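Each chain, letter by letter, is given below.
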2 protein chains.
Amino acid sequence: MSKKNIDKVSIFALGGVGEIGKNMYVVQYANDIVVIDSGLKFPEEDMLGIDIVIPDITYLTENRDKVRGILITHGHEDHIGGLPYILRTLNVPVYGTKLTLGLIEGKLKEANLLGETKRILINSDSEVQLGSMKATFFKTNHSIPDSVGVCLDTPEGLVVHTGDFKFDQTPVNDQYADLHKMAHLGSRGVLALLSDSTNAERPGYTGSERTVGVELEEVFRKAKQRVVVATFASNVHRIQQVINAAEATRRKMTVIGRSMVNVVNIASELGYLHIPDGMLIEPEEVNKLAADRVVILSTGSQGEPMSALTRMARANHRKVDILPGDTVVIAATPIPGNERYVGRTVDELFRIGANVIYGPGSVSGVHVSGHGSQEELKLMLNMMKPKYFIPIHGEYRMLRQHALLAESVGIDREDIFIVDIGDTVEIQGGIARRGPRVPCGNVLIDGLGVGDVGNIVLRDRKLLSQDGILVVVVTLSKQDGTIMSGPDIISRGFVYVRESEGLLDEANRIVSSTLNRLMTENVNEWASLKTHVKDALGRFLYEQTRRRPMILPIIMEV
Amino acid sequence: MSKKNIDKVSIFALGGVGEIGKNMYVVQYANDIVVIDSGLKFPEEDMLGIDIVIPDITYLTENRDKVRGILITHGHEDHIGGLPYILRTLNVPVYGTKLTLGLIEGKLKEANLLGETKRILINSDSEVQLGSMKATFFKTNHSIPDSVGVCLDTPEGLVVHTGDFKFDQTPVNDQYADLHKMAHLGSRGVLALLSDSTNAERPGYTGSERTVGVELEEVFRKAKQRVVVATFASNVHRIQQVINAAEATRRKMTVIGRSMVNVVNIASELGYLHIPDGMLIEPEEVNKLAADRVVILSTGSQGEPMSALTRMARANHRKVDILPGDTVVIAATPIPGNERYVGRTVDELFRIGANVIYGPGSVSGVHVSGHGSQEELKLMLNMMKPKYFIPIHGEYRMLRQHALLAESVGIDREDIFIVDIGDTVEIQGGIARRGPRVPCGNVLIDGLGVGDVGNIVLRDRKLLSQDGILVVVVTLSKQDGTIMSGPDIISRGFVYVRESEGLLDEANRIVSSTLNRLMTENVNEWASLKTHVKDALGRFLYEQTRRRPMILPIIMEV
């Protein structure tokens, strides 16, 4: 313990604060680094053409020999989705519970990383020594089974990370949260608590997942024809309740949508889903059964354009149709940004005559959040009684609301650290303060490219998306600079060429006269010619149309 | 009345059904056409670069001599915003109440259409003869004063259009809805009712605007520093309540944001806003007063990037700053699609240390909707007791929910017509049936252009926004087709050129070898050369990057 005066615990996030997604938290003590979670984020609306976003792990790769492992709290994409990219450059052991590892292994297999990745199975009783730190775990309730919180026993004291959680007093599958363990940690004394802020803006308590089961059974019972249930593929509890409701109402179930089939397979193989014998049928068999004997479990609860539900709603799913009079249950809330997609899918379902159950869980009854609301967040804070509090997993406003909740249960404002990614909180001799920042950021993934799309490319895509592009091609004589051919103007995404011939003809004349004028003035460096053409044409087009297309002059010499 | 057997009432929407926005409803009897409202819509996320969307009025311009006038129910953009574009091609009289006309006149002035447009002031007691139809009006409660519903007395019977409405039993400014008039219409017998479906998905009743005033005064009283209130500029009731709360708490008020200044000017000139003498101050005077003596009324409740609130949140407003400890009230709900913008603005306000009051009206207490919820929609239906019902003003799912509400109060399903734009409902001899469709659609406005951007241009913008563009320039010999210069590849929005030199070099080689091969095969039509270059390069790039940039080959001959 002589090190105590020299070394310190350093806590920071490489993702997950100031944003929803790409969760990655780091705790370092001297030469030991422990990473918690490794998620992805879906692109924001100004990240045009980007598929996914992962954290910048420069700090970890620069300190790769210190990284003792990555602890995964649960199997959601925003906690595991970055692994296939990150493990390529940082080959360290990954720790997770059974279902979590099962889901991770599916991803690593696809990425050809399964063989070279050390995966270590834990359960809530495991103890893992990671250099100078020891990790223990506690079960939490969340919208996926096998979720845990993490307690890191560091030389400075206990650092607790809640993972994603709610307090569900009647959990499905009787997976109760480890309340006693949490209380015990609080009794031992928690140095720093990192806690889930997702629902910090929401008053009260989040409903129990079990209430959804009651409602689903009611819906199944009333439905005179098929029932389609769309939910998050990873919500194994919800899927179990669909199965239970199907059993209670003597319906058989088929599963459609790639990720749903995948999760149902993994979760049932690993014993997290209990499917009665003979209940599962192939999609092709649906038409052979009476309509009131069928449930279709589907992806597409976010209205994703290519999902099974959206395709069914548009009557272009290969195997299953939705017929007038069928009941469709959308058992999810739109993620911010997806509201319009979900709305459109509901519209399409209504148009084909389906009876659609959708909307906020408080209205539809078929959805509850997986994250605790304000009273539950306060309960966690009171249970853990941390000396220092770092709200995590949320946009800035959620972290801020969580901080206010912490103040309301008696934590001093100066003991609460709202951090951005890269901000460090250092604790030494029991005293926490802000430390130097570490490198951090968004790594954008577009197709197979990792990091080859950045601000300039995105800015160009934005420009192109607003007003399109005009390519101006002209050939000049090497001898005297006169125009040998062109100018030709090719436009894409600017105007209908047929309806704008006059405009483009005039644009042509402007390019010619600009070039001719420059020749008489003996301006003949290409860069200057191009700039003049761009400016003259840009000005003309803005006057005429109030648009600013990208202009790309191409000048050739012969 | 001998015509009754020959002519019919025809009812259709050119905008406002299957969408939120660009409201425009048409009632025709024989040679008389009456238009109700003329709104705009904001572009959907796939309408890249588009500024606004208005209805296609081909039907009206083709029948221009029959159009007797445009009746405007109230002064919101989705009811008046199309006028400056539509009146250019269809110069007909516009009827509106005092505030509505005041707001319209501001728009027409900007568009240089004020002189040539006949504007006719009405109030709720007016009677307007429009050919064979007589229009009367009834006051409604909505989030803007001077809103009315319309009753058209046609030879077939009464056609009633509710306008946008809620039932507010304690309205601000004591503008009560004309309940007795509505009841009287119901007693006379309504042939067809067109009613606002905006909140048809929402159970219960919408709260009274007055509850917001109580909460605002409470917030103002508690605030130790400045209060900034952001709300819709057109919500004159809300603005009056801000003024009342300011008066009660002895604060002075300044107004920022172009549309807010505009509405406050028009509404106070016309007597719809009562501002105590000496209350209004210039933005420049804010800093001269004690912080707890100031209210700032601002635009930006939707987090619009260029709005006054957003600029203040980013500390780049010219005149007014928000300081740590100031209170910011966002008295509005995000319009679907704007959630992320509002969230970002709240984040920025919290970051500068403001106390932000935001979120759903049920949580914040500072906002109520202007549209009636399910119980109010049923009340309207029960009051009007229409023979036929056409839900309007809403996405398809809202129309559908409204139809279900109508069924629940006893209207037969076959007497309810859910329509898309262009669908007609014809009523003849008291019998309604679906008639032939009329031309309809979205007219996209981009800059000064009306209708010169359509599907092809939008498709190109979409493509460009996803993966950018590669322009391939090559000069071939006229004599033997050999490559004289190039190929040069210019990329925009595809990859960082510096980090992808190898990729682009290889792309170059592929273009050259493709062209050389084609020469030996004697393929020399340009179209064919271009197609081959596009295909070969596209295939290579997709294999290497899984992206599909637009490829624009430019082949020149010398």
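Rules and cut-offs
- Residues numbered from 1 in each chain as written.
- Chains lettered and ligands numbered in written order.
- Predicted model: local features only at pLDDT ≥ 70, side-chain atom pairs only at ≥ 80, totals over all residues.
- Heavy atoms only, no water.
- Helix = DSSP H or I, 4+ residues; strand = E, 2+ residues; numbered from the N terminus.
- Buried < 20%, exposed > 50% of the residue type's maximum accessible area, 1.4 Å probe, protein only.
- Contact = heavy atoms within 4.5 Å.
- Areas by Shrake-Rupley, 256 points an atom, 1.4 Å probe, with all protein chains shown as cover.
- Lys, Arg positive; Asp, Glu negative; His and termini not counted.
- Charge placed at Lys NZ, Arg CZ, Asp CG, Glu CD.
- UniProt positions renumbered as here; feature names shortened; annotations may be inferred.
- Domains from an automatic or database assignment.
- Least-squares fit on C-alpha atoms with pLDDT ≥ 70 in both.
- pLDDT = per-residue confidence, 0-100.
- Pairing = 2+ DSSP bridges.
- Core = buried A, V, L, I, M, F, W, Y, C linked by side-chain atoms within 4.5 Å.
- Right-handed = clockwise from strand over helix to strand, strands pointing away.
- Expected span 1.5 Å × (residues − 1).
- Salt bridge = Lys/Arg side-chain N within 4 Å of Asp/Glu carboxyl O.
- Polar contact = N/O pair within 3.5 Å; in protein donor to acceptor, adjacent residues only side chain to side chain.
- Nonpolar A, V, L, I, M, F, W, Y, C, P; charged D, E, K, R; others polar.
- Axes fitted to C-alpha atoms, helices over the stretch in contact; angles between N-to-C directions.
- Patch = residues over 30% accessible without salt bridge, like charges linked within 9 Å, V, L, I, M, F, W, Y side chains within 5 Å.

Before going further, it helps to spend a moment on the overall build of chain A. When its secondary structure is counted, chain A shows 16 helices and 25 strands. Expressed as a percentage of its 558 residues, the buried residues of chain A come to 59%. Taking the intrachain contacts of chain A between residues at least 6 apart in sequence as the baseline, contacts between residues at least 24 apart amount to 71%. Total accessible area on chain A is roughly 22,400 Å²; 48% of this is exposed by carbon and sulfur atoms. Averaging the positions of the 62 positive and the 69 negative side-chain charges in chain A gives two centres separated by 1 Å.

As recorded in UniProt, the feature "domain: Metallo-beta-lactamase" (unreviewed entry) lies at residues 21–216 of chain A. Here residues 21–216 of chain A runs as 24% helix and 29% strand, with 29 Å between its end C-alpha atoms.

The next thing to look at is the domain arrangement of chain A. Each assigned domain of chain A is listed here: domain 1 (2–204 + 369–450), domain 2 (209–362) and domain 3 (468–557). For domain 2 of chain A versus domain 3 of chain A, the separation of C-alpha centres amounts to 56 Å.

Glancing now at unusual backbone geometry. All names here are of chain B. A positive phi angle, near 70°, is found at D37, a position not held by glycine. Of note, D37 is situated in the loop between strand 3 (32–36) and strand 4 (52–55). One non-glycine residue, D146, lies in the positive phi region at around 65°. Within the fold, D146 resides in the loop between strand 9 (133–139) and strand 10 (148–154).

Residues and elements named next belong to chain A. Here the UniProt feature "binding site: Zn(2+) 1" (unreviewed entry) sits at H74, H76, H142 and H393. A maximum C-alpha distance of 13.9 Å is found for the annotated residues, which run over 320 residues; spatially they form one tight group. On the secondary structure map, H142 appears in the loop between strand 9 (133–139) and strand 10 (148–154). Residue class for H142 comes out buried when judged on its relative accessible area of 5%. What H142 contacts, discounting residues up to four positions off in sequence, is H74, H76, S147, D164, F165, H237, G370 and H371. With respect to the helices and strands, the residue H393 is situated in the loop between strand 18 (388–392) and helix 13 (396–408).

Superposing chain B onto chain A requires a rotation of 180° together with a translation of 0.0 Å along the rotation axis, leaving an RMSD of 0.1 Å. Put plainly, the chains are arranged around a two-fold axis. Closest to the rotation axis within chain B is the C-alpha of S465(B), separated from it by 2.4 Å. A symmetric contact is evident, with 100% of the interface residues of chain B recurring at the interface of chain A.

Of all residues in chain A, 99% attain a pLDDT of 70 or more, and the chain-wide mean is 92. Per the prediction output, this complex has pTM 0.90; the corresponding ipTM is 0.87.

All right, on to the pairing of strand 23 (residues 469–476) of chain B then. Remark: a regular strand shows side chains that alternate across the two faces of the sheet. Residue and element names in this part refer to chain B. For strand 23, a buried count of eight out of eight residues is recorded, marking the element as mostly surrounded by other parts of the structure. Neither face of strand 23 is left uncovered, since the one carrying I469, V471, V473 and T475 and the one carrying L470, V472, V474 and L476 both have all their residues buried. With seven bridges joining them, strand 23 and strand 24 (residues 483–492) adopt antiparallel strand pairing. In the strand pairing of strand 24, T475 is matched with S485. In this antiparallel pair of consecutive strands, strand 23 and strand 24, the connection spans six residues, and G481 shows a positive phi of 75°. Pairing between strand 23 and strand 25 (residues 550–557): eight bridges, direction parallel. If you follow V472 over to strand 25, its bridge partner there is P553.

Now for the nonpolar core. Judged by nonpolar contacts, the single largest core of 82 residues is most densely connected at I11(A), L71(A), L152(A), M384(A), L309(B) and L349(B). Apart from residues lying up to four places away in sequence, L349(B) is in contact with L309(B), A313(B), I322(B), V328(B), I330(B), A354(B) and V356(B).

What follows deals with the pairing of strand 11 (residues 157–161) of chain B. Residues and elements named next belong to chain B. Across the five residues that make up strand 11, a large majority, five, are buried. As paired elements, strand 10 and strand 11 share five bridges and run antiparallel to each other. Looking across to strand 11, one finds that C151 is bridged to V160. Two successive antiparallel strands, strand 10 and strand 11, enclose a turn made up of two residues. Bridge analysis of strand 11 against strand 12 (residues 190–196) gives four bridges, and the strand direction is parallel. Among the inter-strand pairings, H161 is bridged to a residue of strand 12, identified as L194. Each parallel crossover has a hand, and for strand 11 linked through helix 5 (residues 179–188) to strand 12 it is right-handed.

With that settled, consider helix 14 (residues 455–467) of chain A. Residue and element names in this part refer to chain A. Taking 1.5 Å of rise per residue, 13 residues should cover 18 Å, and helix 14 covers 19 Å from first to last C-alpha, within 8% of that figure. Looking only at helix 14, the buried set comprises V457, L458, D460, R461, L464, S465 and D467. One or two residues past the end of helix 14 sits G468, with phi positive at roughly 75°.

With that settled, consider the interface of chain B and chain A. Frequently, the measure chosen for interface size is the accessible area removed from exposure when the parts meet. Between chain B and chain A, the contact holds 68 residues from the first and 68 residues from the second. Joining chain B to chain A, the criterion identifies 10 salt bridges. One salt bridge in this structure joins R397(A) and D347(B), with 3.1 Å as the shortest N-O distance. Joining chain B to chain A, the criterion identifies 24 residue pairs in polar contact (both at pLDDT 80 or more). If you list the elements that add at least two residues to the side of chain B that touches chain A, you get helix 10 (339–351), helix 13 (396–408), helix 14 (455–467), strand 23, strand 24, helix 16 (526–545) and strand 25 of chain B. Classifying every residue of the side of chain B that touches chain A gives 28 nonpolar, 18 polar and 22 charged.

What follows concerns the environment of G21(B). Residues and elements named next belong to chain B. Position of G21 relative to the elements: it lies in the loop between strand 1 (9–15) and strand 2 (24–29). Judged by relative accessible area, which is 4%, G21 ranks as buried. Sequence separation of G21 and G81 is 60 residues, and the distance between their C-alpha atoms is 9.7 Å. For G21, the residues in contact, after removing those within four places along its chain, are G15, G16, L40, K41 and D78.

With that settled, consider the sheet that holds strand 9 of chain A. All names here are of chain A. Within the open sheet, the six strands sit side by side as 8-9-10-11-12-18. Their pairing is mixed. Whereas interior strands pair on both sides, the edge strands pair on one side only; in this sheet they are strand 8 (127–130) and strand 18. Strand-to-strand, the axes of this sheet are offset by a mean angle of 20°, without reference to chain direction. Where strand 12 (residues 190–196) lies against strand 18, five bridges are found, and the strand directions are parallel. Note that in strand 18 the partner of D196 across the bridge is I392. The strands that helix 5 (residues 179–188) touches are strand 9, strand 10, strand 11 (157–161) and strand 12; relative to strand 9, the one it contacts most, it runs at about 140°. With respect to the sheet, helix 13 is in contact with strand 12 and strand 18, its orientation differing from that of strand 18 by roughly 150°.

All names here are of chain A. Counting through the fold element by element, S197 comes out in the loop between strand 12 and helix 6 (209–222). With a relative accessible area of 0%, S197 lands in the buried category. A polar contact is formed between the side chain of S197 and the side chain of H402, at a distance of 2.8 Å. Ignoring anything within four residues of it in the chain, the contact list for S197 reads P391, I392, H393, M398, L399 and H402.

This next bit is on the pattern of salt bridges. Scanning the entire structure with this criterion turns up 62 salt bridges over all chains. Between E45(B) and R340(A) there is a salt bridge; the shortest N-O distance is 3.0 Å. Of this pair, E45(B) sits in the loop between strand 3 and strand 4 while R340(A) sits in helix 10 (residues 339–351), on two different chains. Overlapping salt bridges bring together E19(A), K22(A), K41(A) and E44(A) as one network.

This next bit is on a nonpolar patch on the surface. A contiguous nonpolar patch, built from M484(A), V558(A), M484(B) and V558(B) and spanning about 350 Å² of accessible area, is present on the exposed surface. Along the chain, the position of V558(A) falls in the segment after strand 25 (550–557).

Our next topic: helix 15 (residues 501–520) of chain B. Residue and element names in this part refer to chain B. In this model helix 15 runs 29 Å from its N-terminal to its C-terminal C-alpha over 20 residues, within 8% of the 28 Å that 1.5 Å per residue would give. Taken together, the buried positions of helix 15 are occupied by L503, L504, A507, I510, V511, S512, T514, L515, L518 and M519. With its phi angle positive at about 60°, N522 sits one or two positions after the end of helix 15.

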